[in-house]
Structure formats: C-alpha cells, structure tokens
Amino acid sequence: MKSKVPQRSSRILIIDDNPSIHDDIRKILTSDATRNPKLDEAKSALFGEAAAATEAVHFVIDSAYQGEEGFAMVQQAVAADQPYELAFVDVRMPPGWDGIETITHLWKVCPDLQVVICTAYSDYPWEDLIQKIGISANMVILKKPFDNIEVVQLCHALTEKWQLNRQVEAQLRDLDHLVRQRTFQLESANDQLRREISDRKLAEQALRLSEERFSKAFRASPIPMAIQSLEKHHFVDVNDAFVKMAGWPRSDVIGRTQNDLQLWLAADESVRIGQTLRAGIHIHSQPCQMHTKSGETLDTLLSAELLELGAEPFALL
C-alpha cells in the first residue's frame, strides 16, 4: 500500500487586463502538466523513488485585472496572514498602473513576493526594467505566448523558493530569539557577578577597616593582651603592654608557645584555656601566676575570649 503524498498549497495571483491570459494560466496549472516529470526524474535519480514524489503542489489561483486591484488583494492577503507566494504581472495594463509600477507597490507590502513579468513586447528593454525596479532575485521575465512547461516549472521553482525563504526567515528569527535570550541571561549573570564583586569589595573594605580598628585598639590598649592559637598554642601577636609586663621582646614571643617561654606557672594553663573557650565559656578575671623573662613571678588576673581568624580558633588573652 502506497503512503499518501502530502500536498502543499501555494497562492498565486494573476494581474493582467486580458481575461484570456487568466484562463490560459489556470488551465496550465490545474492540468496534469503541473506534475513536473523532469523534476521527479532528477529527484528519483538523486534520492530514490520515495523522494521523487514527496510533495504535491496545489495552486490556489486568484485574478486581478488592474494593478490597483492586485495591490489591494496583496494587502488583504498579507493582513490575513495568507500571503501570495507568486504573482504573474502583465507589463502593460491601461488605463491604470503598468506592470512596473504595480510591482513597485507590491514589493512595498510584500518584499518576498516572487514575480513573473509577462510581456509580449520586445520594445521594453531590460535596462529600462532594471532602472525602474532594480535588480532583484525575486523577479523573472516570461515572454508571451507562454510555453506550458516553462510556466509550470516557474511556478514550482518560485513557490518552492518562497517557501524555503520563509523557512530560513523563521529559523533566523528563532536563532535571533535564542541569541537575545542567551544574551539577556549572560547580561543578567554579569550584573549579578558585578553586584557580588561589589559586595565582596565592600565586605573586604569593611573587614580591613575592622581589622585596622582592632589592631590599633589591640596595640594601644594599656591592658596586657596576647593572641594565641588554640590549635598549635603559639603566640601570633602581643601588644606593648604585654611586652612591658612579661619583659620579652615581641619578636621573641611571636611564633613560640607557653612551653617555650614558660609564662604560666601551671604547665597545662594553655590547654585549660583552650578547653574552656572551646566549651563556649569566657574566662574573666581568674587569678593566675606568670613568669617574666627576668624570672620574676607576677600575680595577675587572666581573662580570655574565643577569637576566630579565618577558619582557625584563637584565644584573645
């Protein structure tokens, strides 16, 4: 059982003041001549028998007998989203617009309309046509009287060209939509990234200011203060008051541990401080004995808080 061949309808408009021309073109395009055997043979040779008859074309033919009438019909067709694909236009149509003026108006409302200029006069030079219309890939000239096969081939070729142009335009519109959509997404992502960078810069600036304020307050405080790592137990910084009280230069304290310096009389004092702070308990004014570099023992009050620098815990003593 043979599969049904799909059928495509193509709208054609004949604009000619001679009714017999309308009848002739209708007869040509509604007869069996509309089957293009040569085209089918070529398709069959290239793509096989199935490709030769992939699509049949049904021509819907309308008539206008003056240029103004044809222009109005093309306008209506475009407005109804049922545009004509091809127009046969006679060169001379007295008393109104001639074919050249008609085509000029038609292309203003339907730029992709394929046009066949029908003429029986050899006194209308090609140069004059080009001067008035311009060079266009959407136009061919057909001399009267018509050759039936030539009319059929023109109709098949030009309507298929019109269809392909529409398909390309649709794909380009889709591609343009995708590009604009992707561009919008990228612009939105860039805007978000710029905001994040701006927020991060503001946060970094605020952190620097905070660190500067802390550093100034830490160094200038009259209360002896030190920062000690709870992981490695070494001192990372001490202020001037601590240096004065302990008698150790800052360079001798930083990077060394309690065991290195033996600051506290209790050897496990650093461990106890760390355990207490990790448990979430602040140490406030607890009595403590401290050794100075000179060997002097000082009775002091120890306070400590948990301080996080980056991801590492420290004790602020």
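Rules behind the numbers
- Residues numbered from 1 in each chain as written.
- Predicted model: local features only at pLDDT ≥ 70, side-chain atom pairs only at ≥ 80, totals over all residues.
- Heavy atoms only, no water.
- pLDDT = per-residue confidence, 0-100.
- Helix = DSSP H or I, 4+ residues; strand = E, 2+ residues; numbered from the N terminus.
- Polar contact = N/O pair within 3.5 Å; in protein donor to acceptor, adjacent residues only side chain to side chain.
- Phe/Tyr/Trp six-rings, centres within 6.5 Å; stacked < 30°, edge-to-face > 60°.
- Buried < 20%, exposed > 50% of the residue type's maximum accessible area, 1.4 Å probe, protein only.
- Lys NZ or Arg CZ within 6 Å of the ring centre and 35° of its normal.
- Pairing = 2+ DSSP bridges.
- Axes fitted to C-alpha atoms, helices over the stretch in contact; angles between N-to-C directions.
- Contact = heavy atoms within 4.5 Å.
- Disulfide = S-S within 2.5 Å.
- Salt bridge = Lys/Arg side-chain N within 4 Å of Asp/Glu carboxyl O.
- 1 Å grid on protein atoms, 1.4 Å probe; cavity = no way out; pocket = protein on both sides within 12 Å on 5 of 7 lines; lining within 4 Å.
- Points joined across faces, edges and corners; volume = space filled by probe spheres on them.
- Nonpolar A, V, L, I, M, F, W, Y, C, P; charged D, E, K, R; others polar.

Student: Lay out the confidence of the model for the protein chain with the relevant residues and their values.
Tutor: Per-chain confidence: the protein chain averages 81 in pLDDT, with 85% of residues scoring 70 or above. No element of the protein chain has a lower mean pLDDT than helix α3 (residues 49-52), which averages 49, and none a higher one than helix α4 (residues 67-79), which averages 94.

Student: I'd like a description of the environment of D260, backed by residues and values.
Tutor: Secondary-structure assignment places D260 in helix α10 (residues 258-261). Placed 26 residues apart in sequence, D260 and H234 show a C-alpha to C-alpha distance of 9.1 Å. One polar contact links the side chain of D260 to the main-chain amide nitrogen of T257, over a distance of 3.0 Å.

Student: Quick one: what's the story with the packing of aromatic side chains, residue by residue and with numbers?
Tutor: Under the defined criterion, the tally for this structure stands at 2 aromatic pairs. When the ring of F235 is compared with that of F242, the centres are 6.3 Å apart and the planes differ by 45°; the resulting orientation is tilted. Pair check on accessibility: F235 and F242 agree, each one buried. Cation over ring: R11 sits above Y84, and NZ or CZ is 4.3 Å from the ring centre.

Student: Residues and numbers for the sheet that holds strand β8 (residues 283-291), please.
Tutor: On the basis of which strands lie adjacent, the open sheet formed by 5 strands has the order β7-β6-β10-β9-β8 and antiparallel pairing. Among the strands making up the open sheet, the edge pair consists of β7 (235-238) and β8. Each adjacent strand pair in this sheet contributes to an overall mean axis angle of 30°, direction not counted. As paired strands, strand β6 (residues 226-229) and β7 are joined by 3 bridges and run antiparallel to one another. Residue pairing across strands places A226 opposite V238, the latter belonging to β7. Relative to the sheet, helix α11 (residues 269-278) contacts β6, β8, β9 (297-309) and β10 (312-316), its axis offset from that of β9 by approximately 40°.

Student: So what's going on with the state of the cysteines? Residues and values would help.
Tutor: Counted by the stated rule, this structure contains 0 disulfides. Residue C155 stays outside any disulfide, its sulfur separated by 9.6 Å from that of C118, the closest cysteine. Under the relative-accessibility criterion, C155 is labelled buried at 0%.

Student: Could you give an account of the pattern of salt bridges, naming the residues involved and the relevant values?
Tutor: Under the counting rule described, the total for this entry stands at 10 salt bridges. As a salt-bridge pair, R180 and D176 come within 2.8 Å of each other at their nearest N and O atoms. Note that R180 and D176 are positioned in helix α7 (residues 148-220) at a spacing of 4 residues, about one turn of the helix. Taking the relative accessible area as the measure of exposure, D176 reaches 38% and is therefore partly exposed. In this structure, D237 engages R219 in a salt bridge whose closest nitrogen and oxygen atoms are separated by 3.2 Å. Placement of the pair is D237 in strand β7 and R219 in helix α7, with a sequence separation of 18 residues.

Student: Pulling in residues and values, what's your account of the layout of surface pockets?
Tutor: It is a probe the size of a water molecule, rolled over the atoms, that shows where empty space is left. One number sums up the size of the largest pocket: a volume of about 380 Å³. Along its surface, the largest pocket is lined by 19 residues, and P224, L301, L302, S303 and L317 are the ones closest to its centre. Put simply, the parts of the chain that give the lining of the largest pocket at least two residues each are α8 (240-246), β8 and β9. Broken down by element, the lining of the largest pocket gets its largest block of residues, 6 residues, from β9. When its residues are assigned to classes, the lining of the largest pocket shows 14 nonpolar, 4 polar and 1 charged.

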